[in-house]
Amino acid sequence: MSDVTDAAGAVVPADDADVDRARRALAAVWRIESARIIATLTRFVGDVGQAEDLAQEAMLEALRQWPVEGVPRNGGAWLTAVAKRRAIDGWRRRERLDERYAAMARDLEEEERTASGTFWDPDTIDDDVLRLVFVACHPVLSREAQIALTLRIVGGLSSEEIARAFLVPVATIQQRIVRAKKTLAAANVPFEVPEPQDYAERLGSVLSVLYLIFNEGYLPAAGDQWVRPDVSAEALRLARMVAGLMPREPEAQSLVALMEFHAARFATRVARDGTPIPLDEQDRSRWDRAQIERGRAALARADRIGRGRASYGLQAAIAECHAVAPTAEDTDWARIVVLYEALGRIAPSPVVELNRAVAVAMSTGPASALRLVDDLERSGRLAGYAGLPAVRGELLARLGRNEEARGELESAARLTGNERERAALLAKAAGLGRAVE
Amino acid sequence: MKYMLIMRDSEEAIEASKDLDFEEIIAAMGRYNESLIKAGVLLAGEGLAPVEEGFVVDFDATPPVVTDGPYAEAKELFNGFWIIGVSSKEEAIEWAKRCPLGPGTKLEVRRVNELEDFPQDNEWIQKEAQWRADAEGRLGSSS
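Residues numbered from 1 in each chain as written. Chains lettered and ligands numbered in written order. Predicted model: local features only at pLDDT ≥ 70, side-chain atom pairs only at ≥ 80, totals over all residues. Heavy atoms only, no water.

For chain B, an unreviewed UniProt entry supplies the name YciI family protein and the organism Agromyces mariniharenae. Per UniProt, the comment on chain B under Sequence similarities (unreviewed entry) is "Belongs to the YciI family." (UniProt positions renumbered as here; feature names shortened; annotations may be inferred.)

With an unreviewed UniProt entry as reference, chain A is termed RNA polymerase sigma factor, source organism Agromyces mariniharenae. Under the UniProt heading Sequence similarities (unreviewed entry), the note attached to chain A is "Belongs to the sigma-70 factor family. ECF subfamily."

Shown next, in the form of structure tokens:
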């Protein structure tokens, strides 16, 4: 049994089961409403850090009251009202009974009395949540802080959940969030959508934060799991949310499409024994068709906006080519080559070049692909990168130049940090060796 | 996790709904759907055409017997569904409770099986972080 203090201050016994039920319900309400609550409170108090603190206090209050009084019909409105009352109490303590705060308190009471089913004004709330997204991804914050703050104040994840997602101690995440809030306050970051001249850059930052979160689930940087779908699912949810808030931004829609296509393949990317399965060996019958269709719909939405495809749009288009192909051989490799060329022009990267070479090999054969890889090698931009000799070895083997291929595969094996990959490369090299002898 | 929200109407509820303002019903449902979309949780959802247009395939007999609707024996009719992606059962409950349905209607909520429902032994787990970074670079879109 836990003791719960009711509004009048008397101690009312609450059953542990009631407490647990209330806690779970609160977590659910919070996940659904947190962005709107924080956004509303930020508008009210003018500071995202203070808004978040007030919301946390309201949550604690809910944990005291809900087990006894039951979960309110509109939990989000309840939490917002309690947080606003706390804010007003705080101002009163500091400023004495200022008439302005008294008026705000009266407004709040009026709001609560008249609040019916529609507590939120959808348009205002959409704007506020959008502002919140831009604040969380503000350039004064480090990328790590942007990620933590986005998950916390937009996604409604707890520090524990974020720590679990990124495999770092809870204290680290808490510290990042506290510091991020202080940084925002010190920089006097306004609660607003960026100016037109900064918009593209800031939007790019928001989308890349979401993409980094997605990739953390898709290709965890650390830890012992090959994929962590829950992290990616949260990133996808947030991306859908942002795309919904910015329906006229093709890159936001494209990012959703890209994530849907990648997530559709989650189930097939790894074997039971933990070995990653390359694309051409994946069981395509297990790809999530509904998810692929959602990806195609999102990409079609992006195209309908009519501003052409940028980086996420091109990556999504490449992923779509794979997603819709019945087999690896039936993939439209020629189209993928073109898409990689376009991607290489707007976002030049040696890894994109290498991927283009792989697509060229599938489309027009290993000889032309080898020329591209040789150019890359001469540029030295991928020196020490296992992928380069691995692809080169593959191409040489397909051209029948087994001796050279073996050398490349062996150097790839030396460069890779992964035992399984090393074994596979050495096995392939050994196979070539026997063929030559 | 994914949940399917299955709308079940009784004959009485359907009869009663004919007296209600259709525009109002559509608007309430539209607002609900919009809130699901805005939250990024709606994965799919459809309403079903009148039962008169449906049919049942009964496998008691060989070959199966096909009977056209309406089905006299049905007390509750499956009239539409949503599939939502949420983080907990409680979140699914919270969304389900917000659905603008009236008396005589039930929402059956079922979790959809996913990858993690299938057996996974310990070997599923891998420790090779570096390889993953390499694989991403080498395979790019092909992983």
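Read on for the rest.
Let us look at the pattern of salt bridges. If the charged atoms of two oppositely charged side chains come close together, the side chains can form a pair. Inspection of every chain in the model, using the stated rule, returns 39 salt bridges over all chains. Among the salt bridges present, the one from Glu320 of chain A reaches Arg296 of chain A, with a minimum N-O distance of 3.0 Å. Pair noted here: Glu320 of chain A is in helix H13 (residues 311-324) and Arg296 of chain A is in helix H12 (residues 289-305), with a separation of 24 residues, a long-range link. For Glu320 of chain A, a relative accessible area of 13% gives the class buried. In this structure Arg296 of chain A comes out as partly exposed when scored by relative accessible area, which is 35%. Residues Glu34 of chain B and Lys38 of chain B are paired through a salt bridge, measuring 3.3 Å at the closest nitrogen-oxygen approach. Highlighted residues: Glu34 of chain B and Lys38 of chain B, both in helix H2 (residues 22-38), separated by four residues, approximately one helical turn. Judged by relative accessible area, which is 41%, Glu34 of chain B ranks as partly exposed. (Salt bridge = Lys/Arg side-chain N within 4 Å of Asp/Glu carboxyl O. Helix = DSSP H or I, 4+ residues; strand = E, 2+ residues; numbered from the N terminus. Buried < 20%, exposed > 50% of the residue type's maximum accessible area, 1.4 Å probe, protein only.)

Here the focus is the pairing of strand E3 (residues 55-58) of chain B. Residue and element names in this part refer to chain B. Two strands pair when backbone bridges link them, and E3 and strand E4 (residues 65-68) are joined in this way by four bridges, in the antiparallel orientation. Within the sheet, the bridge partner assigned to Val57 lies in E4 and is Val66. In this antiparallel pair of consecutive strands, E3 and E4, the connection spans six residues. (Pairing = 2+ DSSP bridges.)

We now examine the UniProt feature "domain: RNA polymerase sigma factor 70 region 4 type" (unreviewed entry) in chain A. UniProt tags residues 135-184 of chain A as "domain: RNA polymerase sigma factor 70 region 4 type" (unreviewed entry). Structurally, residues 135-184 of chain A is divided into 74% helix and 0% strand, and its ends, taken at the C-alpha atoms, are 8 Å apart.

A turn of α-helix holds 3.6 residues, and therefore any two residues three or four places apart point the same way. With 17 residues, H12 of chain A extends 25 Å from end C-alpha to end C-alpha; this agrees with the ideal 24 Å at 1.5 Å per step. Residues of H12 of chain A that are buried include every one of Gln291, Ile292, Arg294, Gly295, Ala298, Leu299, Ala302 and Ile305 of chain A, and no others. Take H12 of chain A and look down its axis: the buried residues cluster within an arc of 160°, on one side only. Those residues of H12 of chain A that are buried are in contact with helix H10 (229-245), helix H11 (250-263) and H13 of chain A together with strand E2 (42-47) of chain B. Among the residues of H12 of chain A, the N-terminal cap falls to Asp288 of chain A, whose side-chain oxygen and the backbone nitrogen of Ala290 of chain A are separated by 3.1 Å. Phi for Gly306 of chain A, located one or two positions after H12 of chain A, is positive at around 80°. (Expected span 1.5 Å × (residues − 1). Arc of directions from axis to C-beta. Contact = heavy atoms within 4.5 Å. Polar contact = N/O pair within 3.5 Å; in protein donor to acceptor, adjacent residues only side chain to side chain.)

A word on the side chain of Thr42 of chain A. Residue and element names in this part refer to chain A. Summarising the element assignment, Thr42 is placed in helix H1 (residues 16-45). Given the relative accessible area of 2%, Thr42 is considered buried. Discounting residues that sit within four places of it in the chain, Thr42 has contacts with Asp47, Val48, Ala51, Leu132 and Phe191.

Before going further, it helps to spend a moment on the packing of H10 of chain A against H11 of chain A. All names here are of chain A. The geometry of H10 relative to H11 is characterised by a closest axis approach of 8 Å and an angle of 155° between their N-to-C directions. Viewed along their axes, H10 and H11 adopt a mutual orientation that is roughly antiparallel. For the crossing formed where H10 meets H11, the hand is left-handed. Every residue of H11 that contacts H10 at Ala235, Leu236, Ala239, Arg240 and Ala243 is listed here: Ala252, Gln253, Val256, Met259 and Glu260. For the contact of H10 with H11, the residue count by class is seven nonpolar, one polar and two charged. (Axes fitted to C-alpha atoms, helices over the stretch in contact; angles between N-to-C directions. Parallel < 35°, antiparallel > 145°, perpendicular 65-115°, else oblique. Left-handed = near helix turned anticlockwise from the far one by under 90°. Nonpolar A, V, L, I, M, F, W, Y, C, P; charged D, E, K, R; others polar.)

What follows deals with the nonpolar core. Counting residues in each nonpolar core, the largest one holds 130 residues, and the members touching the most others are Leu79, Leu132, Val154 and Met259 of chain A. Take this core: its biggest share by element is eleven residues, from H1 of chain A. Setting aside chain neighbours within four positions, we find Leu79 of chain A in contact with Leu26, Val29, Trp30, Ile37, Ala58, Met59, Ala62 and Trp66 of chain A. Formed by 16 residues, the second largest nonpolar core is a distinct cluster that contains Tyr3, Met7, Trp82 and Cys99 of chain B. (Core = buried A, V, L, I, M, F, W, Y, C linked by side-chain atoms within 4.5 Å.)

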